[in-house]
Amino acid sequence: EMRFQVYTALASGVKGEFFFMYQTLLNNPNEKLYGIAKAYPNNAPEHIPTVTSQGQTTVALAKILGKVGPTLAGCVRAPELDPAVREGAGSILARGFRTADGRPLLILANQDVVNAPRVVLRSQTGVTVWKNLPDDRMIRPAFGQLVLTLSPGDGRILLGYDALP
């Protein structure tokens, strides 16, 4: 769900994300409020929380956003670059942007937090390779199409090149 929130927000054009670091409450054992940080039992110091799986996801997303932040900061929305989604259209938000230096950038968000659809996009004219940010993996379209599988709630940030960088 956290990945869903981040990638949906980015595809919608936000320039930043903020997460509030809240703790799980121990007051009522029947209450199901699980925060990003676990509260310690009564015999442990409360000022040193442990990180839950949600906290680990937050740390991973913060690393991704930190790496792609400079690229995203100068982006402007470019609706003419919105890719045509041929498969997976029901749950995929796919938006086009231009970077400060004019490169095409696609942000994809799987808005389904249960299923991992196969996504087929018509690749942009003039783009011969897409760089998957932040891992810098290069993805080449085949026959004018880009084929991806997005995990539940996951997304992609793809920077277009007309030749290998």
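Starting from 1, residues in each chain are numbered consecutively following that chain's sequence as written. The predicted nature of this model means local features are confined to residues of pLDDT at least 70 and side-chain atom pairs, given and counted, to a pLDDT of 80 or more, with totals for whole chains, interfaces and linings taken over all residues. Side-chain measures were taken over the full set of non-hydrogen atoms in the model, leaving aside hydrogen atoms and water.

Side note on the side chain of Asn 132
So, point 1. In this text, helices come from DSSP runs of H or I with a minimum length of four residues, and strands from runs of E with a minimum of two, each type numbered from the N-terminal end. Among the structural elements, Asn 132 can be located in strand S8 (residues 129-133).
So, point 2. Here the term buried applies to any residue with accessible area under 20% of the maximum for its type, exposed to any over 50%, and partly exposed to those in between, with areas from a 1.4 Å probe on protein chains only. Accessibility expressed as a relative area gives 5% for Asn 132, which makes it buried.
So, point 3. In the analysis that follows, any N or O atom pair within 3.5 Å is treated as a polar contact, provided that within protein one partner can donate a hydrogen and the other can accept it, and provided that, for residues neighboring in sequence, both atoms belong to side chains. Polar side-chain contacts of Asn 132 include one of 3.0 Å to the side chain of Asp 135.
So, point 4. Residue contacts are defined here by distance: any two heavy atoms, one from each residue, within 4.5 Å place the two residues in contact. When near neighbours in sequence (up to four residues on either side) are disregarded, Asn 132 contacts Arg 137, Ile 139, Arg 156, Ile 157 and Leu 158.

Regarding the sheet that holds strand S3 (residues 76-77)
So, point 1. With respect to topology, 6 strands assemble into an open sheet ordered S3-S5-S6-S11-S8-S9, the strand pairing being antiparallel. Of all the strands in the sheet, the pair left with one neighbour each is S3 and strand S9 (137-139).
So, point 2. In short, DSSP must find at least two bridges between two strands for them to pair. Bridge count between strand S5 (residues 92-98) and strand S6 (residues 104-110): 7 bridges; the pairing is antiparallel. Bridge assignment links Arg 95 to a residue of S6, and that residue is Ile 107.
So, point 3. Those strands touched by helix H1 (residues 2-11) are S5, S6 and strand S11 (155-161), and its axis lies near 140° from that of S6. Note on geometry: axes are C-alpha line fits, over the in-contact stretch for helices, and angles between N-to-C directions span 0 to 180 degrees.

Topic: the nonpolar core
So, point 1. In terms of nonpolar packing, the biggest core is built from 19 residues, with Leu 10, Leu 72, Leu 105, Ile 107, Leu 133 and Ile 157 touching the most fellow members.
So, point 2. Secondary-structure elements contributing two or more residues to this core are H1, helix H2 (53-73), S5, S6, S8 and S11.
So, point 3. For this core, the element with the highest residue contribution is H1, accounting for 5 residues.
So, point 4. Once residues lying within four places of it in the same chain are set aside, the contact partners of Ile 107 are Tyr 7, Leu 10, Ala 11, Leu 72, Leu 93, Ala 94, Arg 95, Phe 97, Arg 156 and Ile 157.
So, point 5. Remark: nonpolar core denotes a set of buried residues (Ala, Val, Leu, Ile, Met, Phe, Trp, Tyr, Cys) joined through side-chain atoms within 4.5 Å. Membership of the second largest hydrophobic core comes to 13 residues, among which are Ile 92, Ala 94, Val 119 and Trp 130.

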